[in-house]
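# Examination of the molecular architecture
Each chain, letter by letter, is given below.
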Amino acid sequence: MSGNRIARALVGVLVGAVLGLAEVVLLCVALLVHPVPAVRPAADRVVNRLTALERARLATWFGHETTGRPGRAGRGYLAVRALFGLVSGYGCAAGLFLGGLLLFGGLWSLAGGRARAVPVNLPGVRLVTSDGILGLAGGTVVLALTVLGILAAGAVERRLADHFLGPDTRELMRRRIAELTATRSGVVRAVDDERRRIERDLHDGVQQRGVALAMLLGRARGNPDSARTAALVEEAYAESRRLLDELRSVAWRIYPTALDELGLRAALAGVAERTQVPVTVHYGLVGRPASAIETVLYFVAREAVTNAVKHAEAREILVVVAEDERTVSVAVSDDGVGGADPSGGGLSGLARRVLALDGTFDVHSPQGGPTRVVATLPKDAPCD
């Protein structure tokens, strides 16, 4: 618990107490004149401005953002919050004053040498202490309780704002539909990007080697020199081996069979073996996640490792796969030059994959490095 958090919460509660007094007066006036059609718009503007002021106070001193609902929700929130703000604010102020007074009195008694002996009777125990020590102890207890009250008041303030000003069921459903629409269209774009990448791999690699192999075999078939024919056949054989290696590489980049057969740990070990720079994998999952989740974790790790080698000039790469009660995550860190663009083709495609499964995707890559890519997903894939 940081002192800065306590101080900000204290200021927020005290400001809320001052605003609460003004809100009670203005809200009563607004409610009294609201039945009059001529002044009703002005009364509504007063309520909306007070609500906006409360949202600014919550954001500034409590770090809590709210999306306000207009109308009766705003008036109900102001009524409840104003009363609570008066009680909590002035109660906390009284606690601070009393605790400070007790501490000051205790210090004054001890420093002035005028502390008196005071008997303290407990069951079976009789103690004798000074009124200065009792003042210090009492002041400390009162201040500690006041601090707890301040933090509790801040928590209640946030709960009230969420209850009255938070989105209703219809708004939550609308946001969820919009989110699902965006993520599903993102998946379609990611699949299209993946198809284009596969086409480039086949055209630039496999197809070129296949053409070279056909040309070598054609030259060997039409060459009358048996020694030259044998050399061409040998060269064609070497080219066929390179073609098979290229096919295996493309198939591995599309989807490694080890991911289905052996799981994510083995697939990431294969990534580490194929990478030109040292890759350390820390695997912390107890069991296998859902297939869709496991696939996204793999592709995030593989793409981040590939980017670190190709673009970041990394010398070491660390892959950490972890879990908690509800989520699994993969974090890929490198010591490269940084400057990775989250809106680039590869990273944006990964972000769309992660968001489609209700996950979060974060890229931290300042110029000069290091780069850290983190994807966090729920343990269970969302139902379609």
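Residues numbered from 1 in each chain as written. Predicted model: local features only at pLDDT ≥ 70, side-chain atom pairs only at ≥ 80, totals over all residues. Heavy atoms only, no water.

### Observations regarding the overall build of the protein
- A tally of regular secondary structure across the protein gives 10 helices and 7 strands.
- Counting all 384 residues of the protein, 35% fall into the buried class.
- Taking all contacts inside the protein whose residues are at least 6 apart in sequence as the whole, residues at least 24 apart take part in 70%. (Helix = DSSP H or I, 4+ residues; strand = E, 2+ residues; numbered from the N terminus. Buried < 20%, exposed > 50% of the residue type's maximum accessible area, 1.4 Å probe, protein only. Contact = heavy atoms within 4.5 Å.)

### Quick word on the environment of Ala 137
- Residue placement: Ala 137 occurs in helix α4 (residues 131-165).
- Between the alpha carbons of Ala 137 and Leu 103 there is a distance of 7.8 Å; along the sequence they are 34 residues apart.

### Some words on helix α2 (residues 40-61)
- The terminal C-alpha atoms of α2 lie 32 Å apart, and with 22 residues this matches the ideal 32 Å at 1.5 Å per residue to within 8%.
- For α2, the full list of buried residues reads Ala 43, Val 47, Leu 50, Thr 51, Glu 54, Arg 57 and Leu 58. One face of α2 carries all of its buried residues, which in axial projection span an arc of 115°.
- Looking one or two residues beyond α2, the residue adopting positive phi is Gly 63, at roughly 60°. (Expected span 1.5 Å × (residues − 1). Arc of directions from axis to C-beta.)

### Observations regarding the pairing of strand β5 (residues 327-334)
- In terms of residue burial, β5 counts as a mostly covered element, since 6 of its 8 residues are buried.
- Looking at chain direction, strand β4 (residues 317-323) and β5 are connected through 7 bridges and run antiparallel. Following the sheet pairing, Val 320 is matched in β5 by Ala 331.
- Bridge count for β5 against strand β7 (residues 371-378) is 8 bridges, and the pairing is antiparallel. Residue Ser 329 lies in a different strand from β7, and its bridge partner there is Thr 376. (Pairing = 2+ DSSP bridges.)

### Re the nonpolar core
- One finds Leu 264, Val 300, Ile 317, Val 319, Val 330 and Phe 361 to be the most contacted residues of the largest nonpolar core, which totals 37 residues.
- With 10 residues, the top contributor of residues to this core is helix α9 (residues 291-310).
- Ala 30, Ala 43, Ala 153 and Ala 161 belong to the second-largest nonpolar core, a separate cluster that totals 20 residues. (Core = buried A, V, L, I, M, F, W, Y, C linked by side-chain atoms within 4.5 Å.)

### Re unusual backbone geometry
- Gly 369 connects to Pro 370 through a cis peptide bond whose omega is -5°.
- Among the secondary structure elements, Pro 370 is positioned in the loop between β6 (360-364) and β7.
- Of note, the phi angle at Glu 313 is positive, near 55°, even though the residue is not glycine.
- Among the structural elements, Glu 313 can be located in the loop between α9 and β4.

### Description of the pattern of salt bridges
- Applying the stated criterion across every chain, the model contains 9 salt bridges.
- Across the pair Arg 81 and Glu 157 runs a salt bridge, and its minimum N-O distance is 3.0 Å. Placement of the pair is Arg 81 in helix α3 (residues 72-112) and Glu 157 in helix α4, with a sequence separation of 76 residues. When sorted by exposure, Arg 81 lands in the same class as Glu 157, which is buried.
- In the salt-bridge network here, residues are joined through shared partners; they are Glu 23, Glu 54, Arg 57, Arg 81 and Glu 157. (Salt bridge = Lys/Arg side-chain N within 4 Å of Asp/Glu carboxyl O.)

### Digging into the pairing of β4
- Strand direction decides the pairing type here: strand β3 (residues 279-283) and β4, joined by 5 bridges, are parallel. From the neighbouring strand, Thr 280 faces β4, where its bridge partner is Leu 318.
- For the segment spanning β3, α9 and β4, crossover handedness is left-handed. (Right-handed = clockwise from strand over helix to strand, strands pointing away.)

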